[in-house]
Amino acid sequence: RRLIQVHLTVIYLVMFTTKLVSPAWWNGEALWWISAQQLIQTIDLTFVRAHPQWLNLWTFGVLISEFSMCTLVWNRTLRPFVVAVSMISWMSVALASGQAALSLTMIIANLSFLAPEAGEETVTNNTDVDRARSASSEPHHAMGETSHVT
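I will try to describe carefully the structure that is included in this document.

Rules used throughout
Residues numbered from 1 in each chain as written. Predicted model: local features only at pLDDT ≥ 70, side-chain atom pairs only at ≥ 80, totals over all residues. Heavy atoms only, no water. Helix = DSSP H or I, 4+ residues; strand = E, 2+ residues; numbered from the N terminus. Buried < 20%, exposed > 50% of the residue type's maximum accessible area, 1.4 Å probe, protein only. Areas by Shrake-Rupley, 256 points an atom, 1.4 Å probe, with all protein chains shown as cover. Axes fitted to C-alpha atoms, helices over the stretch in contact; angles between N-to-C directions. Parallel < 35°, antiparallel > 145°, perpendicular 65-115°, else oblique. Contact = heavy atoms within 4.5 Å. Phe/Tyr/Trp six-rings, centres within 6.5 Å; stacked < 30°, edge-to-face > 60°. Expected span 1.5 Å × (residues − 1). Polar contact = N/O pair within 3.5 Å; in protein donor to acceptor, adjacent residues only side chain to side chain. Left-handed = near helix turned anticlockwise from the far one by under 90°. Nonpolar A, V, L, I, M, F, W, Y, C, P; charged D, E, K, R; others polar. Core = buried A, V, L, I, M, F, W, Y, C linked by side-chain atoms within 4.5 Å.

1. A short note on the overall build of the chain
Check the secondary structure of the chain and you find 7 helices and 0 strands. Along the chain direction, N to C, the helices and strands of the chain fall in the order α-α-α-α-α-α-α. Counting across all 150 residues of the chain, residues that qualify as buried make up 30%. In the structure as shown, the chain presents an accessible area of about 10,100 Å², 68% of it carried by carbon and sulfur atoms.

Next comes the structure, spelled out in structure tokens:
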């Protein structure tokens, strides 16, 4: 699991530094240019162009999210928040770019930073509930009464 986390951090670092080379990411218009491409567009986001402050916030939010996944995700206290913000960021990128497969892959990869105990607890709780339900649905025999097959 740690190896996946390290690799994912390196991927985020490369994505972040690559974006810093482009002026569109510096001036806050990158997500506008991505969402304005007709060939990959999943929904019409042209209305966002009328709100440049929201475009800037969205673009810089993606950058901050990627930077956080390189640095702040290693802080155990901040980790759940950073992972949640990253997942929201990837969902927004999927809407803007139409790259749902990449976004879903990154969201699933982000789960490697969450404690496996959280998932195990959910599965264990569901299994206990299922066992309790099946035990209550089995026929009960009176004390001392047994069923014999003859």
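2. Quick look at the packing of helix α5 (residues 79-97) against helix α6 (residues 100-110)
At a closest axis distance of 8 Å, the pairing of α5 and α6 adopts a crossing angle of 175 degrees. Judged on the interaxial angle alone, α6 and α5 are roughly antiparallel. Mapping the contact onto sequence places Val83, Ser86, Met87, Trp90, Met91, Val93 and Ala94 in α5 and Ala100, Leu102, Ser103, Met106, Ile107 and Asn110 in α6.

3. A closer look at the packing of aromatic side chains
Inspection of the entire model under this criterion finds 2 aromatic pairs. Consider the rings of Phe16 and Phe67, whose centres lie 5.3 Å apart with planes at 45 degrees: the pair is tilted. With a gap of 51 residues between them, Phe16 in helix α1 (residues 2-21) and Phe67 in helix α4 (residues 52-70) connect regions that are remote in the sequence. Relative accessible area serves as the criterion here: at 14%, Phe16 is assigned to the buried category. Look at Trp74 and Phe113: their rings are 5.5 Å apart centre to centre, the planes differ by 80 degrees, and that puts the pair in the edge-to-face class. Here Trp74 is found in the loop between α4 and α5, whereas its partner Phe113 is found in the loop between α6 and α7 (116-137), with 39 residues between them in sequence.

4. Some details on α4
Over its 19 residues, α4 extends 27 Å from the first C-alpha to the last, a length consistent with the 27 Å expected when each residue adds 1.5 Å. All of the buried residues along α4 are Leu55, Trp58, Thr59, Val62, Leu63, Ser65, Glu66, Ser68, Met69 and Cys70. On its buried face, α4 is in contact with α1, α2 (23-26), α3 (30-35), α5 and α6.

5. Topic: the side chain of Ser97
Its place among the elements puts Ser97 in helix α5. Side-chain polar atoms of Ser97 contact the backbone oxygen of Val93, separated by 2.7 Å.

6. Overview of the packing of α4 against α5
Taken N-terminus to C-terminus, the directions of α4 and α5 make an angle of 135 degrees; their axes are 9 Å apart at the nearest point. Classed by the angle they form, the pair α4 and α5 counts as oblique. α4 and α5 meet at a crossing whose hand is left-handed. Residue-level contacts link Trp58, Val62, Ser65, Ser68 and Met69 of α4 to Val82, Val83, Val85, Ser86, Ser89, Ser92, Val93 and Ala96 of α5. Partitioning the contact of α4 with α5 into residue classes produces 8 nonpolar, 5 polar and no charged.

7. Focus: the nonpolar core
Tyr12, Trp58 and Trp90 are the most contacted members of the largest nonpolar core, which has 27 residues in total. Elements with a contribution of two residues or more to this core: α1, α2, α3, α4, α5 and α6. Each residue touching Trp90, except ones within four places of it in the same chain, is listed here: Tyr12, Met15, Leu102, Ser103, Met106, Ile107 and Asn110.

8. Overview of the environment of Thr71
Positionally, Thr71 belongs in the loop between α4 and α5. Residue classification places Thr71 among the partly exposed positions, given a relative accessible area of 33%.

9. Overview of the environment of Val48
As for its position among the elements, Val48 is in the loop between α3 and α4. Using a relative accessible area of 11% as the deciding quantity, one classes Val48 as buried. Sequence separation between Val48 and Ala36 is 12 residues; the distance between their C-alpha atoms is 10.0 Å.

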